[in-house]
Amino acid sequence: MMLADYHTHNYLCKHADGTLEEYVQHAVNIGLNEIGLSDHTPMPDNWDSEVRMTEQQFRSEYVPMVKELQEKYRGAISIKFGLEGDFMPGTEAWVKAFNAASDFDYVIGSVHYLDDWGFDNPLFVAKYDEKDVNDIYGLYYQRIAQSAACGLFDIIGHCDLVKKFGHRPTKEMVDVLHETFKIVKQYDIAVEINTSGLRKPVKEMYPSEKILSILSEYNIPLTLGSDAHTPADVGRDFDIAKGFIQKYGRGKISVFNKRQRSEVNV
Ligand SMILES: [Zn+2]
Ligand SMILES: [Zn+2]
């Protein structure tokens, strides 16, 4: 039996609290077997660095701190060197080179932007009302499929994040979802169960049970993450997530070592 939180942030992204060690310490305190440190990636030319670390901070702070903690906590908890990447069309070559230059255990691929709209940012939520919600969902799942097919990521992050503020499509999405997750399966990527949706206006985990049943149908591997932006949220609501893993994932989650995936029982 093993519980791992593969989605955590820290102060370096400037919209989370706490040092990396405080996240690790909380994971130890609640008895997790493994924690993945997966802060938001830098982007080309330090784009959007007000909500993410710069390349300089990645090299001088993030990497050395992860390595130091791995040594310090050896025997107490397994610490994985991860990253939450961003999928944005046009940045693939940069991301490929950036990711290849470090010995990550895993890289999450997340869609946080539709063109230049940071649709999950509360500051820009009004834009949902300026567009057709079905078009927003259509474009979002197109980006999810592209993020799987680009070959840069090991895990699809919060794969229905577009629902964060409670906006729902008015059309049936089932065909789009099947098309999308067939591609995810084809490229052999894992999908995370991310409990942070429970703490957001939508009040529902990412992904929904409807999507989890599709993932189960295609036998897509699952990972588990809290998306903690404060140390106390590490492992948050994992009891609920474990129920979903039993129901839709044969009781197994995936863990990674140097970007090699294996399955363990939760
Ligand atoms: Zn964040
Ligand atoms: Zn994210």
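Below you will find a few notes about this structure. Source: prediction; values computed, not measured.

Turning our attention to the overall build of the chain. Summing up its helical and strand segments, the chain has seven helices and nine strands in all. On C-alpha atoms alone, the chain measures out to a radius of gyration of 17 Å, which is about the 18 Å that the 2.2 N^0.38 rule sets for 266 residues. Structurally, the chain occupies a C-alpha span of about 50 × 40 × 30 Å along its principal axes. For the chain, the proportion of its 266 residues judged to be buried stands at 43%. Contacts in the chain between residues at least 24 apart in sequence constitute 77% of all its contacts with a sequence separation of at least 6.

Within strand β6 (residues 190–194), five of the five residues are buried, which leaves the element mostly enclosed by the surrounding structure. Of the two faces of β6, the one carrying Ala190, Glu192 and Asn194 and the one carrying Val191 and Ile193 are both buried. Here strand β5 (residues 155–156) runs beside β6; their pairing, made up of two bridges, is parallel. Within β6, the position partnered with Ile155 by the bridge is Ala190. In this view, the connection linking β5 to its parallel neighbour β6 by way of helix α5 (residues 174–186) has right-handed handedness. Pairing analysis gives four bridges linking β6 to strand β7 (residues 222–225), with the strands arranged parallel. By the bridge assignment for β7, Val191 is matched with Leu222. Handedness of the crossover joining β6 and β7 through helix α6 (residues 209–217) is recorded here as right-handed.

We now examine the pairing of strand β8 (residues 252–257). Along any regular strand the residues' side chains alternate between the sheet's two faces. Bridge count for β8 against strand β9 (residues 260–265) is six bridges, and the pairing is antiparallel. Bridge assignment links Lys252 to a residue of β9, and that residue is Asn265.

A word on the nonpolar core. In a soluble, globular protein the nonpolar side chains are often hidden away together inside. If you look at the biggest cluster of nonpolar residues, it comprises 62 residues, and the most contacted ones within it are Ile35, Val191 and Leu215. Among the elements that make up this core, the one with the highest residue count is helix α4 (residues 133–149) (six residues). When residues no more than four places from it in sequence are discounted, the contact partners of Leu215 are Phe181, Val191, Ile220, Leu222 and Tyr248.

The next point concerns unusual backbone geometry. Across the chain, the bulk of peptide bonds are trans and the bulk of non-glycine residues have phi less than zero. Residues Tyr206 and Pro207 are joined by a peptide bond in cis, for which omega reads -5 degrees. In the Ramachandran plot, His158 falls in the positive-phi region, its phi being about 20 degrees despite a non-glycine side chain. For His158, a count of 28 C-beta atoms within 10 Å corresponds to the buried category.

Here the focus is the environment of Asp17. The residue Asp17 is located in the loop between β1 (4–5) and α1 (20–29) in this model. Classification of Asp17 by C-beta neighbours within 10 Å gives partly exposed; the count is 15. Linking Asp17 and Gly151, residues 134 residues apart in sequence, is a C-alpha distance of 31 Å. Look past the residues within four positions of Asp17 in its chain and what remains in contact with it is Tyr11, His229 and Thr230.

Thresholds, definitions, all that
Residues numbered from 1 in each chain as written. Chains lettered and ligands numbered in written order. Predicted model: local features only at pLDDT ≥ 70, side-chain atom pairs only at ≥ 80, totals over all residues. Helix = DSSP H or I, 4+ residues; strand = E, 2+ residues; numbered from the N terminus. Rg over C-alpha atoms; globule rule 2.2 N^0.38 Å. Buried ≥ 20, exposed ≤ 12 C-beta atoms within 10 Å, placed from the backbone. Contact = placed C-beta atoms within 7 Å. Pairing = 2+ DSSP bridges. Right-handed = clockwise from strand over helix to strand, strands pointing away. Core = buried A, V, L, I, M, F, W, Y, C linked by C-beta atoms within 7 Å.

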